[in-house]
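As a plain string of letters, each chain reads:
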Amino acid sequence: MKYFSTRGAGPVSLDEALLAGIASDGGLFLPEKMPRIDWHSLATDASICATGEAFLRPFFVGSSIAGDLKEVVAETFSFPLPVTALPDLHGSCDLLELYHGPTAAFKDVGAGFLAACLGRLAGDVKNPLTILVATSGDTGGAVAAAFDGRVGLRVVVLYPDGKVSARQAHQLSCWGDNVLSLAVDGSFDDCQALVKRAMADEHLAEKYRFSSANSINIGRLLPQAIYYAHASVMHHAKLGRKPGFIIPTGNLGNAFACFLARECGLPIGDIILVTNENRTINDYLESAEWKPRSSVQTLASAMDVGNPSNMERLRHLGGEAAQLSKQLCAVSVNDAQITQQIGQNFAEFGFATCPHTATATHAWRLLDPQEQLDKDWIIVATAHPAKFEQIVEPIIGTTVPLPADLADTLARPRQFLEIDASMAALEKVLAEEFCT
Ligand SMILES: *Cc1c(COP(=O)(O)O)cnc(C)c1O
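Residues numbered from 1 in each chain as written. Predicted model: local features only at pLDDT ≥ 70, side-chain atom pairs only at ≥ 80, totals over all residues. Heavy atoms only, no water.

Engineer: Got a minute to help me understand the packing of helix α14 (residues 335-349) against helix α17 (residues 389-396) in this structure?
Structural biologist: How two helices pack is summed up by the angle between their axes together with the distance between the axes. As a packed pair, α14 and α17 sit with axes 9 Å apart at the nearest point and diverge in direction by 60°. Taken together, the axes of α14 and α17 lie oblique to each other. Classified by chirality, the crossing of α17 by α14 is right-handed. Residues Thr339, Ile342, Gly343 and Phe346 of α14 lie in contact with α17, whose contacting residues are Ile391, Val392, Ile395 and Ile396. (Axes fitted to C-alpha atoms, helices over the stretch in contact; angles between N-to-C directions. Helix = DSSP H or I, 4+ residues; strand = E, 2+ residues; numbered from the N terminus. Parallel < 35°, antiparallel > 145°, perpendicular 65-115°, else oblique. Left-handed = near helix turned anticlockwise from the far one by under 90°. Contact = heavy atoms within 4.5 Å.)

Engineer: When you look at the pairing of strand β12 (residues 376-381) in this model, what are you seeing that I'm missing?
Structural biologist: Consecutive residues of a regular strand have side chains that alternate between opposite faces of the sheet. The buried fraction of β12 amounts to six of the six residues, a majority that puts the element mostly inside the structure. Here β12 shows a buried face lined by Asp376, Ile378 and Val380 and a second buried face lined by Trp377, Ile379 and Ala381. Note: strand β4 (residues 92-97) against β12, six bridges, orientation parallel. Residue pairing for β12: cysteine 93 is matched across the bridge by tryptophan 377. Across four bridges, the pairing between strand β9 (residues 243-248) and β12 is parallel. Bridge assignment links proline 243 to a residue of β12, and that residue is aspartate 376. (Buried < 20%, exposed > 50% of the residue type's maximum accessible area, 1.4 Å probe, protein only. Pairing = 2+ DSSP bridges.)

Engineer: Help me out: how do you make sense of the environment of proline 31 in this one?
Structural biologist: Locating proline 31 in the fold gives a position in strand β2 (residues 29-31). Remark: the alpha-carbon pair of proline 31 and serine 13, spanning 18 residues in sequence, is separated by 9.4 Å. If we skip the residues at most four places from it in the chain, proline 31 touches Met1, Lys2, Tyr3, Phe59 and Ile218.

Engineer: I tried to follow the site of the ligand on my own but got confused; where do I start?
Structural biologist: Near the ligand there are 14 residues, and of these Lys107, Gly250, Asn251, Leu252 and Asn254 occur at the shortest range. Separating an oxygen atom of the ligand from a backbone N or O atom of leucine 252 is a distance of 2.8 Å. In the environment of the ligand, an oxygen atom lies 2.9 Å from a nitrogen or oxygen atom belonging to the backbone of asparagine 254. Starting from 380 Å² of accessible surface for the ligand in isolation, the protein chains cover 96%. (Near = heavy atom within 4 Å. Polar contact = N/O pair within 3.5 Å; in protein donor to acceptor, adjacent residues only side chain to side chain. Areas by Shrake-Rupley, 256 points an atom, 1.4 Å probe, with all protein chains shown as cover.)

Engineer: Where do I start with the packing of helix α3 (residues 69-76) against helix α4 (residues 107-122) in this structure?
Structural biologist: Between α3 and α4, whose axes approach to 8 Å, the crossing angle comes to 145°. When the axes of α3 and α4 are compared, the crossing they make is right-handed. Between α3, through Glu71, Val72, Glu75 and Thr76, and α4, the contact on the second element is made entirely by Val109, Gly112, Phe113, Ala116, Cys117 and Arg120. Of the residues contributing to the contact of α3 with α4, the split by class is five nonpolar, two polar and three charged. (Nonpolar A, V, L, I, M, F, W, Y, C, P; charged D, E, K, R; others polar.)

Engineer: Is there a simple way to explain the nonpolar core in this structure?
Structural biologist: Soluble globular proteins: nonpolar side chains tend toward being buried together. In terms of nonpolar packing, the biggest core is built from 95 residues, with Tyr3, Phe55, Leu56, Tyr227, Tyr228, Phe245 and Leu266 touching the most fellow members. In terms of residue count, helix α9 (residues 218-239) provides more of this core than any other element does, 11 residues in total. Not counting the four nearest positions on each side in its chain, leucine 56 is found in contact with Leu69, Val73, Phe113, Leu222 and Ile226. The next biggest cluster of nonpolar side chains, apart from the first, holds 34 residues, and it includes Leu86, Ile342, Ala358 and Val392. (Core = buried A, V, L, I, M, F, W, Y, C linked by side-chain atoms within 4.5 Å.)

Engineer: Could you clarify how one ought to interpret α4 in this entry?
Structural biologist: Since the α-helix turns once every 3.6 residues, residues separated by three or four places project in the same direction. The end-to-end C-alpha distance of α4, which contains 16 residues, comes to 22 Å, matching closely the 22 Å that a straight helix rising 1.5 Å per residue would cover. Within α4, 13 of the 16 residues are buried, which leaves it mostly tucked inside the rest of the structure. (Expected span 1.5 Å × (residues − 1).)

Engineer: Hey, could you run me through the pattern of salt bridges in this one?
Structural biologist: Opposite charge on two side chains makes pairing possible when the charged atoms of those side chains draw close. Within the structure shown, the criterion is met by 19 salt bridges. Across the pair aspartate 376 and arginine 241 runs a salt bridge whose closest N-O atoms are separated by 2.9 Å. With a gap of 135 residues between them, aspartate 376 in strand β12 and arginine 241 in the loop between α9 and β9 connect regions that are remote in the sequence. On the accessibility criterion, arginine 241 (39% relative accessible area) is partly exposed. Each of Asp68, Glu71, Glu75, Arg120 and Arg150 takes part in salt bridges that share partners, so that together they form one network. (Salt bridge = Lys/Arg side-chain N within 4 Å of Asp/Glu carboxyl O.)

Below is the structure:
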C-alpha cells in the first residue's frame, strides 16, 4: 500500500509516513485507496486483536514491519475495550468504553500503536529517536506512557506549568528514564512554538533524531479504526444490524477513524460527530464555508479545537460540505448541557461519565424517539470520569473511584524539570540530560 498527502505529495511507504508524521507539502497522509476489508470471514467471537490484524493487513502491505503486525496489534490492545449495554431506556444503545488504558483515555490506543511501530522502525539503543511533544494535557500523558521504557526511543514532553490539572500533571511526569518531562513557564502555545523551533533546527534535529507523535500521524489514526471495526462486526454478528456511532469530537482523529472504517466496508451505520462550543465543523456543514478560529475553553477541554486538522482528511475522502452532510452529521453541545448530562447520566445509568462522553449522551437524547428505536446506537466513551474528577464530582455529589491503572500511575513518584519558555533553556536541558 502506498500513501499520498491530501495535498498531492507522494507516494511514500507506510514506514515513511509513520516516521514523517506530516507530509513534505504540509498535507496529511492517506492510503492511495481504501481497501475492502473482508469482515465476513472473521469469527463471530473474534478477539479485537484478530479483527485488528485483519483490518490492518492491507494497510501494511510493503511495510518493513508487516511481519510484526500481530505483535504490534497485541502490544496496542493490551487492555480491554468493552462495549456495555446502557439500561434499556429507549431502543438499543451501548457504550464503547475506550478508557481502560494506562492514562484512561482513547489516546492510549494511538500512542501505543505508534510506539510499537516506531520502536521497530527506528529504535536505536546507541542513538535513540527522540519524540518531542507539546501538550495541553491528555496527549502528552498517553505518549509518555506508551513510550515509557521502550528501548531505543525517548520522549520529551513539554507542558504549561500550572495550566494542567493535578492528575494530568502527574500523568505527564511519572515515567522512567527515557521520558523527560518539562514543566514550561508559559502557555501551551509557548510549548508548541518551542517544539516547532526545535524540530526546524537542523543541527538539533540531527543530533537528537527528533520525531513527533502528534495526532495527525497516520499511526495514531489506523489503530483507532480497529475498535470501530470490531464493535460493529460483533454487533452485526449478534443482531444482524449496523450500529451508528456517536463520537465526541475535537481534532477529528477519533471520528475520522470511524469514517475510514466505514469506507473500508465495515458494517457501520450513521456517524454523528459531537462537538462542544467549538463549532467550526458544525458551521462548515451548515454554511459550506470552512472558517477555522481560535478555540474557546469548555468543560470538555480535550475537544477545545478551533481548527480541527483531520478535517483535511475528511474533505479529501468524503467531499465538500454538501456531500459530507449526506454521510454524517454534527451536533454542538454547550457547557450547561454537559453539566446537565453528567447529572442525568449518573441518575439514570448509575455511573459517572466524563464531560466529553457527556456531549455524546446529549446528542443521543436529542435524537428523534423513532430514530432511537429504529436504529442501534453506540455512544463512544472517550475518557474515564476519574480523570476529570474536579468537574464531575461536584455535579454528582460523590467521589468517582479511581480505576486500578490510573491509581497505579498516580502512585508513581513524579520527576520533572522546570524550564523557561526559551530555546536556550530547552537546548541546555537536552544537552544536560542526553549528552552525558
Ligand atoms: C482527544 C480527546 C477527544 C477528541 O478527540 P479527537 O480525536 O481530537 O477528535 C475527546 N475526548 C477525550 C477524552 C480526548 O482526550
